[in-house]
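Here are the chains, one letter per residue:
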Amino acid sequence: MEVEKIMGMTITEKILAAHAGKEKVEPGELITAKVDIALANDITAPIAIRKFRESGAEKVFDRDFIALVPDHFSPNKDIESAEQCKMLRDFAREQDLTYYFEVGQMGVEHALLPEQGIVVPGDVVIGADSHTCTYGGLGAFSTGMGSTDLAAAFITGETWFKVPESMKFVYKGKLKKWVGGKDLILHTIGDIGVDGALYRAMEFTGEVIESLPMAHRLTMANMAIEAGGKNGIIAPDAITEKYVTGRARRKPIFYVSDSDAVYCDVREYECSRLEPQVAFPHLPENVHDVQEASNISIDQVVVGSCTNGRLSDLREAARVIRGKKVAKYVRMIVIPATQRIYQAAMKEGLLDIFIEAGAAVSTPTCGPCLGGYMGILAKGERAVATTNRNFVGRMGHPESEVYLSNPAVAAASAVTGRITHPEEVVSNR
Amino acid sequence: MQIKGKAWKFGRDVDTDQIIPARYLNTSDPQELAKHCMEDADPEFMSKMVPGDLIVAEKNFGCGSSREHAPISIKAAGVSAVIAKSFARIFYRNAFNMGLPIFESEEAVAGISEGDEVEVEMESGVIRNRTTGREFTSAPVPPFMQELIAAGGLMAYVKKKM
């Protein structure tokens, strides 16, 4: 008689199973799962709120599980944006939501929620924003959805998922100076393409990940969607433990993949020789070593966003630009992702470094990343940005261009006016 | 429901910023969004198409943002269906939630040229190119999605459970 062997589960499967009240789930299975946090912003919440009202519902499932963050076109860029933000404010007031963030406390949503301990390891998080996958850096299952899915979850506290297959990425070796999470994820997207992980979970593992600081882990998980992934995820460990201690507003649960978990693909990268990576227009998969971009002149540099607007990103950029000047006719815009980051950067003297270099420093907003405001490109202009997308027209005119990089490359490029390896600027000191 | 019209062809990885650029996202009014449908992929699209026409695209249609404004603008523009080799995950889910018919078929995309007259049978997913006379099948709609459609979309489905 054959004994059926029960295969192990991945971290993604374990979190989904726990939230579906099941012992085991398998890829392809449809489940209904409890949602720990449901998130929307000033672009997506208005549609969700309208759908909520149209359904005849009066009260949200739980006032503590919804987070509304007006961050995209806020502080309000125009009258229409002001109306959209007002819808969030009115709804938050009416429903007495715990997590509504007014301008002054607001930050870029995916930097804000982990910082405030609102999302924790082991959670299921859904957000009407594609970069909701960021929280996988903490060891949570999180994924982006549309506004209608959010509206349904507001009412029921649940949502449906098809359990994704998992892809395992193993990063080996020791990273060179100036290389970090942004370069790892760009390199990965360059390898598998913008639909290389379509409908799948991307699990990032290996010795490089085991010593990778939390900010870099969040950056990697943030860009899983740029490979088409449903979620990106990293097993929580001592680094996670340290990060959540003192912040977590609920009890974190640390899940890890079983040694016999099943993956549909395993990819290994030797990272010791990896150079800083730059994604050329108009897809995040058009990835090159920074050296291949050194003759490309630029008009604007943006350091910020849910991908790279955290304190360590600002430190990295400041380390490069300290005592230097932004090149003539180049605009450098630095946007700390949250108020807490803004204040810390001020106390550390980072903002002084940027301002003395001739950079503009802005209050937190998504602004230029999606071509909203605060740094729109004219026809034919070119930007280096620490953001996540370089699609046609992403930062302004349809004939403008965006190159994606890490914060050190962005800062070095601001100094020279062309895409530059940080070493070139720093060793000139 | 009848899906019948002229095919407008697009390439691979048409992202949501091309379908509805973020500079227009300070509103969610379907008619306003429709004015700019596909603007950064083809600025002439709205002046060329007539209601009922179809979008036919290569792989990974709708990649990028979760903005429901993308399928909303396509539907409000009067596009009767989107046929693609594959769809990005969030766009796929959004399209069902708001009742925009979408069909996944590599062979149909390969066998349809710009300007061809195309018709689709909603229930069976059979796609016909009336210009060439060829017929194609599309990937079956997952049963749960069919249930959602039968219920009248996600919100109607949820309402039943309220």
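Now for the overall build of chain B. A count of helical and extended segments in chain B gives eight helices and seven strands. Here chain B has a C-alpha radius of gyration of 15 Å; the compact-globule value for 162 residues is 15 Å, and the two agree. In terms of principal-axis extent, the alpha carbons of chain B reach across some 45 × 35 × 25 Å. Looking at the 162 residues of chain B, the share that counts as buried comes to 60%. When contacts within chain B are restricted to residue pairs at least 6 apart in sequence, long-range pairs at least 24 apart make up 64% of them. Taking the 19 positively charged and 23 negatively charged side chains of chain B as two groups, their mean positions are separated by 4 Å.

Let us now look at the sheet that holds strand β5 (residues 124-127) of chain A. Residues and elements named next belong to chain A. Read from one edge to the other, the open sheet built from five strands follows the order β4-β3-β2-β5-β6, with strand pairing classed as parallel. In this open sheet, the two edge strands, each paired with only one partner strand, are β4 (99-100) and β6 (141-144). Here strand β2 (residues 37-41) runs beside β5; their pairing, made up of three bridges, is parallel. If you follow A38 over to β5, its bridge partner there is I126. Strands in contact with helix α3 (residues 79-95) are β2, β3 (66-69) and β4; relative to β3, the strand with the most contacts, it is inclined by about 150°.

What follows is about the domain arrangement of chain A. Residues and elements named next belong to chain A. When cut into domains, chain A gives domain 1 (8-274) and domain 2 (277-426). Placing a centre on the C-alpha atoms of domain 1 and another on those of domain 2 gives a separation of 24 Å. Of all residues in domain 1, V108, W178 and K182 bury the most surface against domain 2, accounting for 24% of the area lost on that side. A salt bridge links R389 to E226; the nearest nitrogen and oxygen atoms lie 2.9 Å apart. Inspection of the region where domain 1 meets domain 2 yields 24 residue pairs in polar contact (both at pLDDT 80 or more). When residues of the side of domain 1 that touches domain 2 are traced back to their parent elements, those giving at least two are α4 (109-115), α6 (181-192) and α8 (214-222). Counting residues per element, the side of domain 1 that touches domain 2 draws most heavily on α6, at six residues.

This part is about the sheet that holds strand β10 (residues 231-233) of chain A. Residues and elements named next belong to chain A. The sheet built from four strands is open, its strands ordered β10-β9-β8-β11 with parallel pairing. The open sheet has two edge strands, β10 and β11 (265-270), and neither has a second partner. Shown here is a sheet whose adjacent strand axes are inclined to one another by a mean of 20°, direction ignored. Pairing analysis gives six bridges linking strand β8 (residues 166-172) to β11, with the strands arranged parallel. When the sheet's bridge partners are listed, F169 is paired in β11 with R267. Each of β8, β9 (201-205) and β11 touches α6; the most contacted strand, β11, lies at about 125° to it.

What follows concerns unusual backbone geometry. When glycine is set aside, most residues are seen to have a negative phi, and most peptide bonds are trans. Residue and element names in this part refer to chain A. Note that the residue after S74, namely P75, is joined by a cis bond; omega there is 0°. Examined against the element boundaries, P75 turns out to sit in the loop between β3 and α3. Here the bond from P281 into H282 is cis, since omega is -5°, no more than 30 degrees from zero. In this fold, H282 is placed in the loop between β12 (277-279) and β13 (287-289).

Our next topic: the environment of L33 of chain B. Residue and element names in this part refer to chain B. Within the element layout of this structure, L33 appears in helix α2 (residues 30-34). A relative accessible area of 0% places L33 in the buried class. Considering only alpha carbons, one finds L33 and I20, 13 residues apart in sequence, at a separation of 7.1 Å.

All names here are of chain A. At a closest axis distance of 8 Å, the pairing of α6 and α8 adopts a crossing angle of 25°. With respect to each other, α6 and α8 are oriented roughly parallel. The element α6 and its partner α8 pack so that their crossing is right-handed. Taken together, the residues of α8 that come into contact with α6 (itself represented by G181, K182, L184 and I185) are H216, T219 and M220. The residue inventory of the contact of α6 with α8, partitioned by class, reads three nonpolar, three polar and one charged.

Should pLDDT be low for a region, the predicted coordinates there are not to be read in detail. Of the residues in chain B, 99% have a pLDDT of 70 or more, and the chain-wide mean is 94. If you check the scores for this complex, the pTM reads 0.97 and the ipTM reads 0.94.

What follows covers helix α1 (residues 11-20) of chain A. Residues and elements named next belong to chain A. Burial of α1 is extensive: eight of the 10 residues sit out of reach of the surface. Every buried residue of α1 is listed here: I11, T12, E13, K14, I15, L16, A17 and H19. In the segment just after α1, G21 is the residue with positive phi, at about 70°.

Our next topic: the pairing of β3 of chain A. Residues and elements named next belong to chain A. Both faces of β3 are covered, namely the face carrying I66 and L68 and the face carrying A67 and V69. Bridge count for β2 against β3 is four bridges, and the pairing is parallel. By the bridge assignment, A40 is partnered in β3 with L68. Taken together, β2, helix α2 (residues 45-54) and β3 form a β-α-β motif whose crossover is right-handed. Direction of pairing for β3 relative to β4: parallel, over a ladder of two bridges. Paired with L68 across the bridge in β4 is Y100. Of the crossover connections in this fold, the one passing from β3 over α3 to the parallel β4 is right-handed.

Glancing now at the nonpolar core. Counting 128 residues, the largest nonpolar core has L68, M332 and F354 of chain A together with F61 of chain B as its most contacted members. Top element by residues in this core is helix α14 (residues 407-416) of chain A. It accounts for seven residues. Residues lining this core come from more than one domain, with at least three contributed by each of domain 1 (8-274) and domain 2 (277-426) of chain A. Core analysis: the next-biggest nonpolar cluster, separate from the first, contains 35 residues, A197, F204, A227 and V287 of chain A among them.

On the side of chain B, 41 residues touch chain A, which itself brings 52 residues to the contact. Between chain A and chain B, roughly 3700 Å² of surface is buried when both sides are summed, and carbon and sulfur atoms account for 57% of that area. Its largest share of buried area at the contact with chain B, chain A owes to T148, W160 and Y199 of chain A, together 16% of the area lost on that side. Here chain A is connected to chain B by four salt bridges.

Conventions used here
Residues numbered from 1 in each chain as written. Chains lettered and ligands numbered in written order. Predicted model: local features only at pLDDT ≥ 70, side-chain atom pairs only at ≥ 80, totals over all residues. Heavy atoms only, no water. Helix = DSSP H or I, 4+ residues; strand = E, 2+ residues; numbered from the N terminus. Rg over C-alpha atoms; globule rule 2.2 N^0.38 Å. Buried < 20%, exposed > 50% of the residue type's maximum accessible area, 1.4 Å probe, protein only. Contact = heavy atoms within 4.5 Å. Lys, Arg positive; Asp, Glu negative; His and termini not counted. Charge placed at Lys NZ, Arg CZ, Asp CG, Glu CD. Pairing = 2+ DSSP bridges. Axes fitted to C-alpha atoms, helices over the stretch in contact; angles between N-to-C directions. Domains from an automatic or database assignment. Buried area = accessible area lost by both parts, 1.4 Å probe. Salt bridge = Lys/Arg side-chain N within 4 Å of Asp/Glu carboxyl O. Polar contact = N/O pair within 3.5 Å; in protein donor to acceptor, adjacent residues only side chain to side chain. Parallel < 35°, antiparallel > 145°, perpendicular 65-115°, else oblique. Left-handed = near helix turned anticlockwise from the far one by under 90°. Nonpolar A, V, L, I, M, F, W, Y, C, P; charged D, E, K, R; others polar. pLDDT = per-residue confidence, 0-100. Right-handed = clockwise from strand over helix to strand, strands pointing away. Core = buried A, V, L, I, M, F, W, Y, C linked by side-chain atoms within 4.5 Å.

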